[in-house]
Amino acid sequence: MNEIICPNCKKAFKVDEAGFADILKQVRDHQFEEELEKRLILAEKDKESAVNLALATLKNTLQEDLSKKDREIMELKAKSDRELSEKLANKETEINQIKAKLDNAELEKKLSVTEAVQKIEKERDDLANNLKHKETETQLLEKSLNEKFIAELRTKDEIIKLKDEEIALRKDMKLKLSTKMVGETLEQHCETEFNKLRATAFQNAYFEKDNNSSSGSKGDFIYRENDEQGNEIISIMFEMKNESDQTATKKRNEDFFKELDKDRTEKKCEFAVLVTLLESESEYYNTGIVDVSHKYSKMYVVRPQFFIPIITLLRNASMNSMQYKAELSLIRNQNIDITNFEDNINKFKEGFAKNYDLASRKFKTAIDEIDKTIDHLYKTKEALLSSENNLRLANNKAEDLTIKKLTNGNPTMRAKFDEL
């Protein structure tokens, strides 16, 4: 609001931004028109004064010149008519030149006035455009503020609506007496909400209570969903926590994070979600879906009204990443095949090495036996060669043997051979 003092009664009164801008516009337009009119009047007066001054000066000059001319004419009357005519002609020329100068002066004055008027009109147009631009900026700013205010009001209305729904839900749960009944009521509420949409939105989904407590603990519900090829799209471990207003010891949501993360890991679930009505006055948890993955990986805390939205949000995000999961599964299978191939190669190498070692040892034994046999053959060969030499010597001796030699010195044998 702006305060304005009345110039007549000297009393102050307040006007809003729009009224003040309208008054200011009127004052500016009125002042501008008055100033323009004053400047035009002053310019017209300046022009008339200048023209009158020039005319007066010219008139005086002409009067003086005419007086001089009259005197000169009186003096020249005695001269010849031809000289007088020439001088009169010259004077007429001078008079015409003076009149031309006077006309030029008048034209210059008109141009000066026109330029001044154009300059003032340009200043007026610039001021009008600036004022219009300022008014447009003011309207845009006002519109932006109104839209922001309306959006904030809508957001507040939505928050109030969610809180009213949560209050109504808590009032309904207050009817249950024991803590066990309170917890079971929240679980039944979530299961009922899911079953409402199971046939339409979650046809291929598994959503059942976690009854496996072999590891020492268990969550409340497990949600799993696979595609047609059997690849897991998403898996969520749910834990529901609530307590009655009459409960003496108030629990905090953070008290259950560690156990929930343990259950998620042991049951091989990708996400963990705590559906809770604990810490009902906490602005942090009342904002909606709270991401606590800075403490425990892939963990969220929601109020019951966000039970279905958290499933759809995580499910849609996982559906978008299914292509990458499928490619990862293919790569993983390829890696398994490569591993099996490498294992078979390693087994072949080990078997081949054993067989090669055994064959090598057998081959070495055979080589040793062959070497021994070769040594034996060499000895046999030497023995045969030695025997052949002895036979040759024997043959030579046999060829040198004659009857004469046999009977030499043996008269009996010589007598027998002689008889033969």
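Note that the structure is a prediction, hence the values are computed from the model and not measured.

Caption draft 1: Spatial organisation of the pairing of strand β4 (residues 221–226). In this structure, strand β3 (residues 205–209) lies alongside β4, joined through five bridges in antiparallel fashion. Within β4, the residue paired with F207 across the bridge is Y223. Here β4 folds back onto strand β5 (residues 232–241) in antiparallel fashion, the turn holding five residues, of which G230 has a positive phi close to 90°.

Caption draft 2: Expanded view of the side chain of E270. Within the element layout of this structure, E270 appears in the loop between α4 (257–266) and β6 (271–276). A polar side-chain atom of E270 sits 3.2 Å from a polar atom in the side chain of K298.

Caption draft 3: Focus on α4. Those residues of α4 that fall on the buried side of the exposure criterion are F257, L260, D261, D263 and R264. The buried residues of α4 occupy an angular sector of 160° when the element is viewed end-on, so they sit on one face. Of the surrounding secondary structure, the elements contacted by the buried residues of α4 are β5, β6, α5 (283–286) and β8 (299–302). At the C-terminal side of α4, K268 shows a positive phi close to 55°.

Caption draft 4: View of the packing of aromatic side chains. The tally for this structure, following the rule as stated, stands at 11 aromatic pairs. Judged by centre distance (6.0 Å) and plane angle (85°), the rings of F202 and Y223 are edge-to-face. Of this pair, F202 sits in the loop between α3 (179–201) and β3 while Y223 sits in strand β4; the two residues are 21 residues apart in sequence, bridging distant segments of the chain. Both residues of the pair, F202 and Y223, count as buried. Connected via pairs of aromatic rings, a cluster forms that spans F194, F202, F207, F221, Y223, F238 and F307. Positioned above the aromatic ring of F221 is the side chain of K209, whose terminal nitrogen or guanidinium carbon lies 4.8 Å from the ring centre. In this structure, K298 packs its charged tip against the face of F271, placed 5.4 Å from the ring centre.

Thresholds applied
- Residues numbered from 1 in each chain as written.
- Predicted model: local features only at pLDDT ≥ 70, side-chain atom pairs only at ≥ 80, totals over all residues.
- Heavy atoms only, no water.
- Pairing = 2+ DSSP bridges.
- Helix = DSSP H or I, 4+ residues; strand = E, 2+ residues; numbered from the N terminus.
- Polar contact = N/O pair within 3.5 Å; in protein donor to acceptor, adjacent residues only side chain to side chain.
- Buried < 20%, exposed > 50% of the residue type's maximum accessible area, 1.4 Å probe, protein only.
- Arc of directions from axis to C-beta.
- Contact = heavy atoms within 4.5 Å.
- Phe/Tyr/Trp six-rings, centres within 6.5 Å; stacked < 30°, edge-to-face > 60°.
- Lys NZ or Arg CZ within 6 Å of the ring centre and 35° of its normal.

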